[in-house]
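Here is what each chain is made of, one letter per residue.
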Amino acid sequence: MKTLKLAIPSLLVVCILSSTHICFSQKPGAKGWTDSFDIDKCQFSATGENKYFILKPSYQLLFEGIEGKDTTRLAITVLNETKMIGDVETRVVEEKESVNGTVVEISRNFYAMCTQTNTVFYFGEDVDIYKDGKIASHGGAWRAGDGGAKAGVMMPGIVLLGSRFYQEIAPGVAMDRAEIVSVNDIVETPAGKFQNCLKTEETTPLEPRAKEYKLYAPGIGLVRDSELLLTSYGFK
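Residues numbered from 1 in each chain as written. Predicted model: local features only at pLDDT ≥ 70, side-chain atom pairs only at ≥ 80, totals over all residues. Heavy atoms only, no water.

A. How the structure looks around the state of the cysteines. Counted according to the given criterion, the structure contains 1 disulfide. At a sulfur-sulfur separation of 2.3 Å, the disulfide partner of Cys42 is Cys114. Note on the Cys42 and Cys114 pair: the S-S dihedral is about -90°, so by sign convention the disulfide is left-handed. Here the residue Cys42 occupies a position in the loop between β2 (22–26) and β3 (44–45), and Cys114 occupies one in strand β9 (residues 102–114), the gap between them amounting to 72 residues. What makes Cys42 buried here is its relative accessible area of 10%. Judged by relative accessible area, Cys114 falls into the buried class, the value being 0%. (Disulfide = S-S within 2.5 Å. Helix = DSSP H or I, 4+ residues; strand = E, 2+ residues; numbered from the N terminus. Buried < 20%, exposed > 50% of the residue type's maximum accessible area, 1.4 Å probe, protein only.)

B. Examining the environment of Val99 more closely. Looking at where Val99 falls in the secondary structure, it is placed in strand β8 (residues 88–99). Val99 sits 25 residues away from Leu74 along the chain, and the two C-alpha atoms are 9.0 Å apart. Setting aside residues no more than four positions away along its own chain, Val99 makes contact with Asp70, Thr71, Thr72 and Val104. (Contact = heavy atoms within 4.5 Å.)

C. Layout of the nonpolar core. Of all hydrophobic cores here, the largest spans 54 residues; its most connected members are Leu61, Phe63, Tyr111, Phe123, Ile220 and Val223. With near-sequence residues (within four places) excluded, Tyr111 lies in contact with Phe53, Leu55, Thr90, Arg91, Val93, Glu95, Val120, Phe121, Tyr122 and Met154. (Core = buried A, V, L, I, M, F, W, Y, C linked by side-chain atoms within 4.5 Å.)

D. Structural detail: the packing of aromatic side chains. For the coordinates displayed, the defined rule picks out 9 aromatic pairs. Looking at Arg164, its charged tip hangs above the ring of Trp33, at a distance of 4.0 Å from the centre. One residue, Lys199, lies across the ring of Tyr213, its end atom 4.8 Å from the ring centre. (Phe/Tyr/Trp six-rings, centres within 6.5 Å; stacked < 30°, edge-to-face > 60°. Lys NZ or Arg CZ within 6 Å of the ring centre and 35° of its normal.)

E. Representation of the pairing of strand β17 (residues 192–203) in the model. In terms of strand pairing, strand β16 (residues 177–189) meets β17 through 9 bridges, oriented antiparallel. The residue bridging Ile180 from the neighbouring strand is Thr200, located in β17. Between β16 and β17, which pair antiparallel one after the other, the connecting turn spans 2 residues. With 5 bridges joining them, β17 and strand β18 (residues 212–217) adopt antiparallel strand pairing. Residue pairing for β18: Leu198 is matched across the bridge by Tyr216. (Pairing = 2+ DSSP bridges.)

F. Layout of the pairing of strand β10 (residues 119–131). For β9 and β10, the ladder comprises 10 bridges, and the chain directions are antiparallel. Looking at the pairing, Ala112 lines up with Phe121 of β10. Here β9 folds back onto β10 in antiparallel fashion, the turn holding 4 residues, of which Asn118 has a positive phi close to 65°. In terms of strand pairing, β10 meets strand β13 (residues 150–155) through 3 bridges, oriented antiparallel. For Phe121, the partnering residue across the bridge sits in β13 and is Val153. Bridge analysis of β10 against strand β12 (residues 142–143) gives 2 bridges, and the strand direction is antiparallel. Across the sheet, Gly124 pairs through a bridge with Arg143, a residue of β12.

G. Structural context of the pattern of salt bridges. Tallying each qualifying case throughout the model produces 8 salt bridges. Salt-bridge contacts for Glu179 lead to Arg164; the nearest nitrogen and oxygen are separated by 2.8 Å. Placement of Glu179 in strand β16 and of Arg164 in strand β14 (residues 164–166) is noted, with a sequence separation of 15 residues between them. Linking Glu212 and Lys214 is a salt bridge whose minimum nitrogen-to-oxygen distance equals 3.9 Å. A relative accessible area of 30% places Glu212 in the partly exposed class. Three or more residues are tied together by salt bridges with common partners; here these are Glu202, Glu212 and Lys214. (Salt bridge = Lys/Arg side-chain N within 4 Å of Asp/Glu carboxyl O.)

Scope: geometric values only; no functional claims are made or implied.
Have a look at this one:
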């Protein structure tokens, strides 16, 4: 976080806004993953929202999950801060994860919205991984334009059931990809019960056995991240 699974003999092209010919294309094959998005035709904004993703300063999502004796908390905050990635001004979204009250990871993610389609593109992230209260590594960090990395799609503006797309395109570093597997799930969380949720199955070729599910509610955004459930949301 990233078209349709159709077996056709020629190149599959899905135009997400036909009037401007901004397309997602992929090679033939039912199991293909879209990794080309014609982003050079987009006009980008560092602020905006679509049905499942809010990219506005001060918007925050808080999550919590319990596994055994461990309590994990995650805070996702859209900062009042932007970052230039190449010639695109992106919005910085901070993700802060803690386990039993101790910070284990802080990432600064760089997003921008294509104004023609409301598709949210992912341009990379800075990562600080903590151990014993100190930064131990920056594993998973990447930026579009460095080392062959390219921007991926975090959330399409036009949702197609069965879409399969790369969210991160940083060879050897970060290659997360998502498939939209449902658009009508019901999710119950401490923050409320949400209808008509979009569900993604996320995988990566870097860890072939890894798989996780995320659910997004209309007008809210992410409400479940694997076992983490939304506890509150809104502008802080």
